[in-house]
Amino acid sequence: DGRDYAITGTWGSDGHSYIWDVTDPANIIKIQEVQVDARTVNDVKVSESGDIAVISREGASDRRNGIVILGVANPREGVPVLSEFTDQLTGGVHNVFISEDHVFALSGGRRYDVISIKDPINPKRVGSFELETPGRTVHDVWVSDGVAFSSNWTDGVVAVDVGGAGRGGTTENPVEI
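Below, the structure is looked at part by part. Remember, it's a predicted structure, so these values are computed and weren't measured experimentally.

**A word on the pairing of strand S8 (residues 93-99)**
Side chains on a regular strand alternate between the two faces of the sheet.
Stage number 1. Among the seven residues of S8, six are classified as buried, and the element is accordingly described as predominantly covered.
Stage number 2. Here S8 runs beside strand S9 (residues 102-107); their pairing, made up of five bridges, is antiparallel. Within S9, the position partnered with Ile98 by the bridge is Val103.
Stage number 3. The turn joining S8 and S9, which pair antiparallel and follow one another in sequence, is formed by two residues; a positive phi near 55 degrees is taken by Glu100.

Following this line, the structure appears as structure tokens:
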């Protein structure tokens with residue numbers, strides 16, 4: 001609609017995310033509020049197309065944390081929850097990254113899961129990556145040209161072919177490079 005928007009999460013604020021009209025930086029206006037079952041909405045990412053947002057959550061009352069997929073194509077008209085994905089993400093998701101039709105969700109600080117959102121109402125896990133070193137942790141992931149770069153604390157930065165680097169990996173079968 002020719003306007004600029006931002007979505008923010010909240011820490012320790014009963015699972016709220018806020019949608020802001022930031023077209024005029026001197027006059028930022030909250031236009032929507034979404035609440036999910038969480039203590040904290042850690043991360044928010046918007047798809048390149050601008051119609052899907054993914055929020056990560058921790059501290060759900062039923063311990064089914066994971067991610068929540070929102071429809072943000074028309075934020076002034078409403079921001080519906082399209083779906084949730086919690087399978088094997090009960091430890092909480094701290095960071096997420098969207099690349100094309102896939103969400104890379106950091107699960108419990110130990111691995112990242114690759115979740116297809118080609119059908120955002122029915123997301124499904126298509127892969128995962130986890131190092132085998134003792135005490136392993138992962139903090140963030142960024143995908144560029146089919147390679148997932150993850151920050152793995154004492155293991156450093158790890159590059160994984162997730163379909164596009166020409167080394168044989170796919171989103172469904174990641175290969176460390």
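**Notes on the pairing of strand S10 (residues 111-116)**
Stage number 1. Most of S10 is tucked away, with six of its six residues classed as buried.
Stage number 2. Every second residue of S10 is oriented toward a common face, with Arg111, Asp113 and Ile115 on one face and Tyr112, Val114 and Ser116 on the other, all of them buried.
Stage number 3. Across six bridges, S9 lies against S10 in antiparallel orientation. The residue of S10 that forms the bridge with Val103 is Ile115.
Stage number 4. As paired elements, S10 and strand S11 (residues 124-129) share five bridges and run antiparallel to each other. Of the residues in S11, the one forming a bridge with Ser116 is Lys124.

The rules behind each value
- Residues numbered from 1 in each chain as written.
- Predicted model: local features only at pLDDT ≥ 70, side-chain atom pairs only at ≥ 80, totals over all residues.
- Heavy atoms only, no water.
- Buried < 20%, exposed > 50% of the residue type's maximum accessible area, 1.4 Å probe, protein only.
- Helix = DSSP H or I, 4+ residues; strand = E, 2+ residues; numbered from the N terminus.
- Pairing = 2+ DSSP bridges.

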